[in-house]
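Residue-level structural notes
Residues per chain are reported as follows:
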Amino acid sequence: MFYIPICSCLILMPPSTRPQYTEADVRWRAYEDNYHFSVQFTADLLSMSMADFIVTSTKQEICGTDEVQGQYESYAAFTMPGLYRVVDGVSVFE
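We now turn to the structure provided with this report. Please read all numbers here as calculations on a predicted model, not as lab measurements.

**Points about the overall build of the protein**
The secondary structure content of the protein amounts to three helices and four strands. The N-to-C order of helical and strand elements in the protein reads β-α-α-β-α-β-β. When each of the 94 residues of the protein is scored for burial, the buried share is 32%. Long-range contacts, defined as pairs at least 24 residues apart, comprise 57% of the intrachain contacts of the protein with a sequence gap of at least 6.

This is how it looks when you write it as C-alpha cells:
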C-alpha cells in the first residue's frame, strides 16, 4: 500500500479570546454564553498540538518577552475548572 507523507501546518491569526481576557481559562463559565470558551480553547489546543509547524506574524505571539508570556506559550499549562486541566499542553519551543 502506498502512503503519502503529510506535513501539517497551522497558520495562526491573532489568538482566540484566551490571552485577551484576564484569567479567561479560570473564569471560562462566565464567558461561555457569549464566547464559547470551552470550544475555542479546546480547538486551539488540539490544532496547535497536532501541527508539525506553526506560522505566526510575530515572534512575540509565540514566545513573548522577558516580562510578558507569549500568546501561544500560555497554552502550555492552564486549568478550566470543572472542564479539564492542561498540564503538558502546547510546547512552542520544540
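**Description of the packing of aromatic side chains**
Tallied over the full model, the rule gives seven aromatic pairs. On the basis of an interplanar angle of 25 degrees and a centroid distance of 5.0 Å, the ring pair of F37 and F41 is categorised as stacked. With F37 and F41 both in helix 2 (residues 37–50), this residue pair falls four residues apart, about one helical turn. Note on accessibility: F37 and F41 belong to one class, buried. Three or more aromatic residues link up through ring pairs in this structure, and these residues are Y31, Y35, F37, F41, Y75, F78 and Y84.

**Overview of the nonpolar core**
One finds F37, F41, M48, Y75 and F78 to be the most contacted residues of the largest nonpolar core, which totals 16 residues. Contributing elements (two or more residues each) for this core: helix 1 (28–35), helix 2 and strand 3 (78–80). With four residues, the top contributor of residues to this core is helix 2.

**Overview of the environment of E61**
In this fold, E61 is placed in helix 3 (residues 59–63). Along the backbone, E61 and E73 are 12 residues apart, and their C-alpha atoms lie at a distance of 8.0 Å. If sequence neighbours within four positions are ignored, E61 has contacts with L12, T56, G70, Q71, Y72 and E73.

Calculation rules
Residues numbered from 1 in each chain as written. Predicted model: local features only at pLDDT ≥ 70, side-chain atom pairs only at ≥ 80, totals over all residues. Heavy atoms only, no water. Helix = DSSP H or I, 4+ residues; strand = E, 2+ residues; numbered from the N terminus. Buried < 20%, exposed > 50% of the residue type's maximum accessible area, 1.4 Å probe, protein only. Contact = heavy atoms within 4.5 Å. Phe/Tyr/Trp six-rings, centres within 6.5 Å; stacked < 30°, edge-to-face > 60°. Core = buried A, V, L, I, M, F, W, Y, C linked by side-chain atoms within 4.5 Å.

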